[in-house]
Amino acid sequence: MVLTEKAYAKINLYLDVVGKRPDGFHNLETLMHTVSLSDELTFELLKREPFSIELKIEGNDNLKADESNLVFRAVKEFVKHSHVDGKLIITLKKNIPVEAGLGGGSADAAATLRALNRLSKFPLDETKLYEMAEKLGSDVPFCLKGGFALCRGRGEKITPLSPLKNLHLVIINSGERVSTPDAFKLIDQSKNSELQASPNEKYNVLSSITEGEMNALFNAFEQYILPTCPRAKKAKEELILCGAYSALMSGSGPTVFGIFDDFVKAENAAKKLQSDFDKVFVSGFID
Ligand code: C5P
């Protein structure tokens, strides 16, 4: 039995860190949208063999196919609550840049939970899958369903929104290294990480983005991370010069994206920027 599942990346159109929690994590307010850039996972179940997991990774030589991989951890979490009878051979075709602020690992974990549930004829309901997703990582619950949502708490308190349409993206990963825990530390050390706005102004920013107005994008990490990532900073500037309506860093970086109202404009920008950057993707918002 063979089954294929896509794992879609996310971008943050708004990301504010609103406080540190007793468990060491941070409470966020973030607008996340699924985009068409994706990994592909294939699951093959050899029924006559005892349960074991074999993970193969294509497209990224730096990623380890061992128990540290979120795909592996998602399988382990799934089999705590349901059976998988046989040898599971998983092939992960990696297209989403890693440690990039695009939620690639989280998307892979969520895709694994969805696929195993499908492979096992849906023994677990949505609530159970969400509980498992929460244990695997802050962005995994959002990635289970995807679309457009306001996410609060660590990211697990999800309010679905109507997906954005008729906009085009150019996503550029600069390849610079950013550690997410260190990015949070930078925010902790600073006094003015949050969007300096009254609750009313904040509400207006959130609702304008929700309605597709892209001139109020915000990411609290940007002011700390972009000065340490000159290539990502340059990519953001270049996106605007190439006609992006707006550009922003995603997650804790170092990926930036530009929003275009016209597909041809986005494609031309991507073609131009491919001479300067290795990882340039034309993409779009999806449900
Ligand atoms: O949950 P995830 O594995 O994505 O988080 C990676 C790291 O980022 C955590 O170990 C934590 O240091 C930090 N983090 C945080 N608050 C969040 C999400 C992540 O402090 N809401």
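Here is a short report on the structure shown in this document. (Residues numbered from 1 in each chain as written. Predicted model: local features only at pLDDT ≥ 70, side-chain atom pairs only at ≥ 80, totals over all residues. Heavy atoms only, no water.)

With that settled, the discussion passes to the overall build of the protein. In terms of helices and strands, the protein carries 9 helices and 11 strands. Scaling as 2.2 N^0.38, a compact globule of 287 residues should have a C-alpha radius of gyration of about 19 Å, and the protein matches this with 19 Å. By principal-axis analysis of the C-alpha atoms, the protein measures approximately 60 × 45 × 35 Å. Looking at the protein as a whole, 54% of its 287 residues are labelled buried. At a minimum sequence separation of 6, the contacts of the protein that also span at least 24 residues come to 74%. Surface summary for the protein: the accessible area is close to 13600 Å², and the carbon and sulfur share equals 49%. (Helix = DSSP H or I, 4+ residues; strand = E, 2+ residues; numbered from the N terminus. Rg over C-alpha atoms; globule rule 2.2 N^0.38 Å. Buried < 20%, exposed > 50% of the residue type's maximum accessible area, 1.4 Å probe, protein only. Contact = heavy atoms within 4.5 Å. Areas by Shrake-Rupley, 256 points an atom, 1.4 Å probe, with all protein chains shown as cover.)

Moving on: the sheet that holds strand β7 (residues 168-173). Spatially, 4 strands are ordered β9-β10-β7-β11 in an open sheet, and the strand pairing comes out antiparallel. Taken across any chain shown, the strands that pair with only one partner, and hence form the sheet edges, are β9 (246-249) and β11 (279-284). Neighbouring strand axes in the sheet, compared pairwise and without regard to direction, differ in orientation by 20° on average. Against the sheet, helix α8 (residues 230-241) contacts β7, β9 and β10 (255-260), and its axis sits at roughly 5° relative to β10. (Pairing = 2+ DSSP bridges. Axes fitted to C-alpha atoms, helices over the stretch in contact; angles between N-to-C directions.)

To continue, consider the site of the ligand. The ligand sits among G24, F25, H26, L28, G137, S138, R154, T180, P181 and F184. S138 places a polar side-chain atom, nitrogen or oxygen, 2.6 Å from an oxygen atom of the ligand. The backbone of R154 places a nitrogen or oxygen atom 3.4 Å from a nitrogen atom of the ligand. A total of 450 Å² of accessible area belongs to the ligand in isolation, and the protein chains cover 70% of it. Comparing atom positions with the cavity grids shows the ligand to sit within the largest pocket. Of all the secondary-structure elements, those providing two or more residues to the shell around the ligand are β2 (26-46) and α5 (180-189). It is α5 that provides the largest number of residues to the shell around the ligand, a total of 3 residues. Class assignment of the residues belonging to the shell around the ligand gives a composition of 4 nonpolar, 5 polar and 1 charged. (Near = heavy atom within 4 Å. Polar contact = N/O pair within 3.5 Å; in protein donor to acceptor, adjacent residues only side chain to side chain. 1 Å grid on protein atoms, 1.4 Å probe; cavity = no way out; pocket = protein on both sides within 12 Å on 5 of 7 lines; lining within 4 Å. Sits in = over half its atoms within 2 Å of the grid points. Nonpolar A, V, L, I, M, F, W, Y, C, P; charged D, E, K, R; others polar.)

Moving on, we get to helix α9 (residues 263-273). Buried within α9 are the following residues: A266, A269, A270 and L273. All buried residues of α9 fall inside an arc of 100° around its axis, so they share one side. Exposed positions of α9 whose direction lies more than 90 degrees from the buried face are K271 and K272. Looking at the packing, one finds that the buried side of α9 touches β7, α8, β10 and β11. (Arc of directions from axis to C-beta.)

Let us look at the pattern of salt bridges. For the structure on display, the rule yields 25 salt bridges. Salt-bridge contacts for E5 lead to R114; the nearest nitrogen and oxygen are separated by 2.7 Å. Taken together, the residues E5 in strand β1 (residues 2-20) and R114 in helix α2 (residues 104-119) connect sequence positions 109 residues apart. A relative accessible area of 11% means that E5 is categorised as buried. Judged by its relative accessible area of 21%, R114 is partly exposed. One salt bridge in this structure joins K128 and E131, with 3.1 Å as the shortest N-O distance. Of this pair, K128 and E131 both sit in helix α3 (residues 126-136), 3 residues apart, which is roughly one turn of the helix. Among the residues examined, K128 registers a relative accessible area of 24% and is labelled partly exposed. Assessed through its relative accessible area of 38%, E131 is described here as partly exposed. One continuous salt-bridge network, built from bridges that share partners, spans D16, E29, R152 and K202. (Salt bridge = Lys/Arg side-chain N within 4 Å of Asp/Glu carboxyl O.)

Time to look at the side chain of N219. For N219, the position within the fold is in strand β8 (residues 218-219). At a separation of 2.9 Å, a polar atom in the side chain of N219 contacts the main-chain carbonyl oxygen of M249. Residues contacting N219, with those up to four places away along its chain left out, are L15, L248, M249, S250 and G251.

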